[in-house]
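So you can see what is in the structure, the chains are spelled out below.
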Amino acid sequence: MSHKKLFHRIALFTLLFGLALTACGGGGGPTATPSHTAPPPTPTVPPTPSASDRIEQGRTYFDAGDMDQAVAEFQAAVALEPDNASAHMHLGAAYGEQARYDQAGAELLKALELKPDYAKAHTNLCMVYWSQNMLDQALAECQAALKLDDDDADTYNHFGVIYLMQEKPAQAIAQFQQAIQLDPDHDWAHNNLGRAYSNQGQFDQAIAELKEALRINPDHATAHYNLGLTYARQELYEQAIPEYETAVKLDASLTSAHMDMAIIYREMGQTEEAIAQFETYLELEPDDPQRAALETEIARLKKSLAPIELLPFTNAQMGISGVVPAGWTEKDPGNYVSPDGQAIAQLAAPGATAEQFAQAFLSALNVTQAVQSVGSVQPAELKWDLYMIEGVQVYGKTGSLALALAQDGAGAYIVAVFAQPDEIEALIETVGNPALVAFTVQK
């Protein structure tokens, strides 16, 4: 979770200064005695910035997102006035923006030591604590801030973040709404409220809040990310991808967007794009605890891109011929299995109807649910009715079964391919469809 910039914006003043330039002119021609000349003017020296000047300049950098310069200015203010509570508070807030939480906490605690009733220091310390998942301490600081200033939108926003982290969505939503009531242009409160609605499956409300956050701040990277996430949760993948792409352009630290895009591209069957996003994620997060599993998935996807060699086969007993992938093993007559558990079945039942054969085939797989056709194709002489069945167990693995069923005057025929849900579409394209085209009944 993120938070709104933690300073109230105030009008900045600019110190104007310059050098007074004096022009000196000579008299007439030379004389016998030296002329008297005025001494050169003393240059005007710019005044040394005070601690207040440093704080104001730091705030300017802070609001512009230049945290390195902001920190430098606030450090200079602290050096000038070590007992300036405002200087310590601002320095702590800037450290918080840089995720330097130990230093942030030390500065904010110093500010509170100097000024115990400093509401904004309590608010910022609340943020520092919840950023480290120290939720009890965060709640205590936000409660202290609220006792001192019950009209601060940031405090309510932080309360909402804490409740969201505690999986208390109703309380979180109420706090974000209160923040927005106090400050309708609080982009972070709109963003966080949108995320809370999205987590609850209230997608219309989520999209409205996230778009409002982006109206207020079009460069709000986290709002773009959350909007992409909300679209993805509705399987609106074409709308999700541009939001994720914008998010990472604005903030490269939103690495989870690459993971989300990888999964979306995999679901869409865009394998090369999925591989690229998985690899980008691992480049940015090399210590991810799931690295080994992700590398295995990348290898699997790359393997799926390799062309599959199809070899002719004939089953004289069933009176059919067709193609099977090279390297697959025939486990049972007409049933071939790959080394990683994918399978294809090409079978015939002379004298049976398609309905009878389907019932017997599915019963052998312990499929009891009713199945519905997802279409039909006629690549050659036979017309095939197509079915997709989930949760089928084949040779000890559970996955998706794409079933094609046909019949003619001699009997009924089945071509079925089996794979994991995220692999089935690719297997249909590379093995299932070519098998239908090549399937031939021997006369």
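Residues numbered from 1 in each chain as written. Predicted model: local features only at pLDDT ≥ 70, side-chain atom pairs only at ≥ 80, totals over all residues. Heavy atoms only, no water.

Draft legend 1. Examining the packing of helix α11 (residues 221–233) against helix α12 (residues 237–250) more closely. Their axes nearest at 7 Å, the elements α11 and α12 cross at an angle of 160 degrees. Compared by their axis directions, α11 and α12 come out roughly antiparallel. Our pair here, α11 against α12, has a crossing hand that is left-handed. Note on element contacts: α12 touches α11 through Tyr237, Gln239, Ala240, Glu243, Tyr244, Thr246, Ala247 and Leu250, opposite Ala221, His224, Tyr225, Leu227, Gly228, Leu229, Tyr231 and Ala232. The class makeup of the residues in the contact of α11 with α12 is 11 nonpolar, four polar and one charged. (Axes fitted to C-alpha atoms, helices over the stretch in contact; angles between N-to-C directions. Helix = DSSP H or I, 4+ residues; strand = E, 2+ residues; numbered from the N terminus. Parallel < 35°, antiparallel > 145°, perpendicular 65-115°, else oblique. Left-handed = near helix turned anticlockwise from the far one by under 90°. Contact = heavy atoms within 4.5 Å. Nonpolar A, V, L, I, M, F, W, Y, C, P; charged D, E, K, R; others polar.)

Draft legend 2. Examining the packing of helix α3 (residues 85–97) against helix α5 (residues 119–131) more closely. α5 packs onto α3 with a crossing angle of 20 degrees between their chain directions and a minimal axis gap of 10 Å. In terms of orientation, α3 and α5 fall into the roughly parallel class. The two elements α3 and α5 meet at a crossing, and its hand is left-handed. Along its contact with α3, which presents Met89, Ala93 and Gly96, the element α5 presents Lys120, Ala121, Asn124 and Met127. The class makeup of the residues in the contact of α3 with α5 is four nonpolar, two polar and one charged.

Draft legend 3. Expanded view of the layout of surface pockets. Looking at the second largest pocket, its volume works out to about 660 Å³. If you go around the second largest pocket, you meet 30 residues; those closest to its centre are Ser304, Gln342, Glu423, Ala426 and Leu427. Taken together, the elements giving at least two residues each to the lining of the second largest pocket come down to α13 (256–267), α15 (291–305) and α17 (424–438). Per-element accounting of the lining of the second largest pocket gives the leading share, six residues, to α17. (1 Å grid on protein atoms, 1.4 Å probe; cavity = no way out; pocket = protein on both sides within 12 Å on 5 of 7 lines; lining within 4 Å. Points joined across faces, edges and corners; volume = space filled by probe spheres on them.)

Draft legend 4. Structural detail: the environment of Gln234. Its place among the elements puts Gln234 in the loop between α11 and α12. Each C-alpha atom, one on Gln234 and one on Phe203, is 8.1 Å from the other, the two residues being 31 residues apart in sequence. A distance of 3.2 Å separates a polar atom in the side chain of Gln234 from the backbone oxygen of Thr230. (Polar contact = N/O pair within 3.5 Å; in protein donor to acceptor, adjacent residues only side chain to side chain.)

Draft legend 5. Seen up close, helix α2 (residues 67–80). The terminal C-alpha atoms of α2 lie 20 Å apart, and with 14 residues this matches the ideal 20 Å at 1.5 Å per residue to within 8%. Those residues of α2 that sit buried are Met67, Ala70, Val71, Glu73, Phe74, Ala76, Ala77 and Val78. (Expected span 1.5 Å × (residues − 1). Buried < 20%, exposed > 50% of the residue type's maximum accessible area, 1.4 Å probe, protein only.)

Draft legend 6. Structural detail: the state of the cysteines. Scanning all chains against the criterion turns up one disulfide. The residue that forms a disulfide with Cys126 is Cys142, at a sulfur-sulfur distance of 2.1 Å. Disulfide Cys126-Cys142: torsion about the S-S bond near -80 degrees, hence left-handed. Of this pair, Cys126 sits in helix α5 while Cys142 is found in helix α6 (residues 135–148), placing the two residues 16 residues apart along the sequence. In this structure Cys126 comes out as buried when scored by relative accessible area, which is 0%. (Disulfide = S-S within 2.5 Å.)

Draft legend 7. Structural view of the pairing of strand β9 (residues 411–419). For β9, the tally of buried residues reaches nine of nine residues, placing the bulk of the element in the interior. Strand direction decides the pairing type here: strand β5 (residues 343–350) and β9, joined by eight bridges, are antiparallel. Each residue of the ladder has a partner; that of Gln346, found in β9, is Val415. Both strand β8 (residues 397–408) and β9 contribute to a ladder of nine bridges, which runs antiparallel. Directly across from Gln407, in β9, lies its bridge partner Ala412. Following β8, the chain reverses through two residues before pairing antiparallel with β9. (Pairing = 2+ DSSP bridges.)

Draft legend 8. The pattern of salt bridges, seen in detail. Throughout the structure, instances matching the rule amount to 14 salt bridges. Notably, a salt bridge pairs Arg54 with Glu73, separated by 3.2 Å at the nearest N-O pair. Of the two residues, Arg54 sits in helix α1 (residues 51–63) while Glu73 sits in helix α2, which places them 19 residues apart along the sequence. Relative accessible area serves as the criterion here: at 26%, Arg54 is assigned to the partly exposed category. Overall, the relative accessible area of 11% leaves Glu73 in the buried class. Among the salt bridges present, the one from Lys110 reaches Glu113, with a minimum N-O distance of 3.4 Å. You can see Lys110 and its partner Glu113 sitting in helix α4 (residues 101–114), three residues apart, about one turn around the helix. Glu113 sits in the exposed class, given a relative accessible area of 57%. Among the charged side chains, a salt-bridge network with shared partners connects Arg266, Glu297, Arg300, Asp422 and Glu423. (Salt bridge = Lys/Arg side-chain N within 4 Å of Asp/Glu carboxyl O.)

Everything listed here is a matter of coordinates, which is why it stays silent on function.
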